[in-house]
Amino acid sequence: MKLVIAGGGTGGHIIPALAIADQLTAECEAAGSQAEILFIGTPRGLESKLVPQAGYPLSLIKVGQLNNVSLLTRVRTLLDLPLSVMGCMRMLRKYRPNAVVGVGGYASGPAMLAAQLLRIPTLAFEPNAIPGLANRLIGKRVHAAAVNFAPAAQYFRHAQVTGIPVRKQFFVLPPRPADQPPQLLVFGGSQGARVFNTYMPQAAAELLAAVPGLTILHQAGARHAEATEQAYEASGADQSRWRVAPFLDDMPQRFAEASLILARSGASTVAELAAAGKPALLVPFPQAADDHQRKNAEVMAQAGAAAMVLEADLTPGRLGRELAHLLAAPAQLAQMSDKARTLAHPDATEQITRMIRQIAR
Ligand SMILES: CC(=O)N[C@H]1[C@@H](OP(=O)(O)OP(=O)(O)OC[C@H]2O[C@@H](n3ccc(=O)[nH]c3=O)[C@H](O)[C@@H]2O)O[C@H](CO)[C@@H](O)[C@@H]1O
């Protein structure tokens, strides 16, 4: 089986793509055959780091931005689009894949369009309730689509609700020993969250005083780690009880160690919390397209799987109080864990690889 997986940008696009690639590789090996998988991405997306790290080849194309940029940039992106599509057509003609999977994000649109022009079967993956631009453009011409939320199905042909592929380790995390001191994991999606980077250092000293033994691991995003670390230092919070990181490569391990997680509610984050059965306080990113992070968080909150506070209602004081309150209520955290697990889709990856086999030429 030769497969191209196109797309990326943020972790929310590329991390499920890697889970699909790993699963297909394992299935082919078990069947005595081999999977050859090529990723197509852009140099500025997170794929340029994560794909080589996972051991897959990556071909890069140039695609501009369309969302949240100036009119000039948008016009330039549109003018460059035929070139990007032609570049992808050249790559696909040379590689001759049996199918192309588009996971959304910059490189996804041109690669899927190129595949459709070359009549190569395509599968679109959509993690959000409302698809991004790339998937909206190609959705009606795909051979199949895997969506996380039922309402997204209407944008595609032959869509199935599969849930989000999540790294296998999240489903089998070792339980936290009861006598271990509490740990709070803070992370704001793949790029960090400004609101956590600003408020947590202000809340830390009081929170650490309120919860004996607590330690904080705070992922701040590559661009903001230094400033966030300085803010913690200036806050006077005990330096041995907090740590700031730009990006965490070993997220399943970090989840295992955490008693509570403070996070944004990007699609993958929410799926991972469910898979791992981890209690969380969620603060949706208010600028996410169509406010989809709020919908993601509401699903968790309504099921009793997480607590949710909107960014507009948040202050450093309130953040500290909410976290202290949750950390002091182990029974409530355990209940959240159980509820979260009921929302997991353990078969998402297998369902998607099955769909890929069905459409592959
Ligand atoms: C700001 C923005 O537009 N965010 C969008 C982006 O989210 P974004 O990519 O930020 O967030 P997601 O929650 O979907 O995924 C984050 C992924 O990165 C991983 N991770 C994160 C931090 C870290 O240090 N290490 C690490 O491995 C997480 O475990 C997770 O797998 O794409 C998602 C899927 O389309 C959307 O739902 C989000 O709204």
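Because the structure is a prediction, the values reported are computed rather than measured.

Draft legend 1. Layout of the environment of Ala-124. With respect to the element layout, Ala-124 can be found in strand S5 (residues 122-126). Through-space distance from the C-alpha of Ala-124 to that of Val-166 is 17 Å; in sequence the pair is 42 residues apart. For Ala-124, the residues in contact, after removing those within four places along its chain, are Gly-102, Met-112, Asn-135, Ile-138, Val-142, Ala-144, Ala-145, Ala-146 and Phe-156.

Draft legend 2. Representation of the pattern of salt bridges in the model. For the coordinates displayed, the defined rule picks out ten salt bridges. Here Glu-350 makes a salt bridge to Lys-168, at a shortest N to O gap of 3.3 Å. Here Lys-168 lies in the loop between strand S7 (159-161) and strand S8 (183-187) and Glu-350 lies in helix H13 (residues 348-359), a separation of 182 residues in the sequence. Judged by relative accessible area, which is 23%, Glu-350 ranks as partly exposed. Using a relative accessible area of 42% as the deciding quantity, one classes Lys-168 as partly exposed. For Arg-264, the salt bridge goes to Glu-311, with nearest N and O atoms at 2.9 Å. Here the residue Arg-264 occupies a position in the loop between strand S11 (260-263) and helix H9 (267-276), and Glu-311 occupies one in the loop between strand S13 (307-308) and helix H11 (316-327), the gap between them amounting to 47 residues.

Draft legend 3. Seen up close, the UniProt feature "binding site: UDP-N-acetyl-alpha-D-glucosamine" (unreviewed entry) in the protein chain. Mapped onto the present numbering, the UniProt feature "binding site: UDP-N-acetyl-alpha-D-glucosamine" (unreviewed entry) falls on Thr-10, Gly-11, Gly-12, Asn-128, Arg-167, Ser-190 and Gln-293. The residue Thr-10 is located in the loop between strand S1 (2-6) and helix H1 (11-30) in this model. Thr-10 gets classed as partly exposed once you look at its relative accessible area, which sits at 27%. Once residues within four sequence positions are removed from consideration, Thr-10 is found in contact with Leu-46, Ser-190 and Gln-191. The topology assignment puts Gly-11 in helix H1.

Draft legend 4. Structural context of the domain arrangement of the protein chain. Each assigned domain of the protein chain is listed here: domain 1 (2-165 + 346-359) and domain 2 (170-341). Carbon and sulfur atoms make up 62% of the surface buried where domain 1 meets domain 2, a total of about 1100 Å² over both sides. Here domain 1 is connected to domain 2 by one salt bridge. Asp-249 is the salt-bridge partner of Lys-49, the closest N and O atoms lying 3.5 Å from each other.

Calculation rules
- Residues numbered from 1 in each chain as written.
- Predicted model: local features only at pLDDT ≥ 70, side-chain atom pairs only at ≥ 80, totals over all residues.
- Heavy atoms only, no water.
- Helix = DSSP H or I, 4+ residues; strand = E, 2+ residues; numbered from the N terminus.
- Contact = heavy atoms within 4.5 Å.
- Salt bridge = Lys/Arg side-chain N within 4 Å of Asp/Glu carboxyl O.
- Buried < 20%, exposed > 50% of the residue type's maximum accessible area, 1.4 Å probe, protein only.
- UniProt positions renumbered as here; feature names shortened; annotations may be inferred.
- Domains from an automatic or database assignment.
- Buried area = accessible area lost by both parts, 1.4 Å probe.

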